[in-house]
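Structural description and commentary
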Amino acid sequence: MSAPTTDVTDERALRDAFGTFPSGVVAVAARVGGQLVGIAASSFTSVSVEPALVSFSVARSSSTWPLLRTAGEIGVSVLADSHDVLCRQLAGPAERRFEGLSLRTSAEGAVLLEEGVSTFTTRVHAEVEAGDHWIVVLEVLAVSADPEREPLVFHRSGFHRLHRDDLDPARLDGRINGGPVEGGTETGATATDGSEQAA
């Protein structure tokens, strides 16, 4: 039996629907004028391989983004599954967001978490106004990834860990956004990459 359809004017129902799509969480951070500036975001997604682009969304009402966007480079760090408390810290008061964190900073100001699952050194490529948010597209300049760490999962407004017990363990190489997949055929609209806003 399918769930009842609700009009999108019901904001709670809309947020609940958004929240059914699981995502990771990233720290988006930089040093601007000697000050550490950053936010947590659950809307991060890959965009393009050539050129290398990623994106995330930020509320137009954000008081942090106008300052963060002025950085020469911006760091994006994928949080690990042990970073639930850290995520709440990054979403808290600006003056306490980076207390006690192990960080490294690029020459142009990108701030990266030492214990991130992966990190991306980026710079702003484009900003698109989309309703009450900005979609920020970032050009990727450098990356790192730790194969031993697992990501923090954000789903239905709560934190979770990955579980693969009953799933096909085979690795799916290639792209699934209408592009070719190794060992398969064109997938068309079978699956798409995406992101969800924190509900």
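Here's a quick rundown of the structure. (Residues numbered from 1 in each chain as written. Predicted model: local features only at pLDDT ≥ 70, side-chain atom pairs only at ≥ 80, totals over all residues. Heavy atoms only, no water.)

Comments concerning the side chain of Thr64
Counting through the fold element by element, Thr64 comes out in the loop between strand S4 (53-59) and helix H2 (65-68). Owing to a relative accessible area of 10%, Thr64 belongs among the buried residues under this scheme. For Thr64, the side chain forms a polar contact with the side chain of Arg97, separated by 3.3 Å. (Helix = DSSP H or I, 4+ residues; strand = E, 2+ residues; numbered from the N terminus. Buried < 20%, exposed > 50% of the residue type's maximum accessible area, 1.4 Å probe, protein only. Polar contact = N/O pair within 3.5 Å; in protein donor to acceptor, adjacent residues only side chain to side chain.)

With respect to the pattern of salt bridges
Inspection of the entire model under this criterion finds 6 salt bridges. Glu129 is paired through a salt bridge with Arg60; the nearest N and O atoms lie 3.2 Å apart. With a gap of 69 residues between them, Glu129 in strand S8 (residues 118-130) and Arg60 in the loop between S4 and H2 connect regions that are remote in the sequence. Between Asp146 and Arg149 there is a salt bridge whose closest N-O contact spans 3.0 Å. Its relative accessible area of 31% is what places Arg149 among the partly exposed residues. (Salt bridge = Lys/Arg side-chain N within 4 Å of Asp/Glu carboxyl O.)

Examining the sheet that holds strand S5 (residues 74-78)
Two modes of strand pairing occur in sheets, parallel and antiparallel, and in both the strands are linked by backbone hydrogen bonds. In spatial order, the strands read S2-S1-S5-S8-S9-S4-S3; together these 7 strands make up an open sheet with antiparallel pairing. Each of the sheet's edge strands pairs with one partner strand only, and the pair in question is strand S2 (35-41) and strand S3 (45-48). Along the sheet, successive strands turn relative to each other by an average axial angle of 35°, direction set aside. Pairing analysis gives 7 bridges linking strand S1 (residues 26-32) to S2, with the strands arranged antiparallel. Looking across to S2, one finds that Arg31 is bridged to Leu36. (Pairing = 2+ DSSP bridges. Axes fitted to C-alpha atoms, helices over the stretch in contact; angles between N-to-C directions.)

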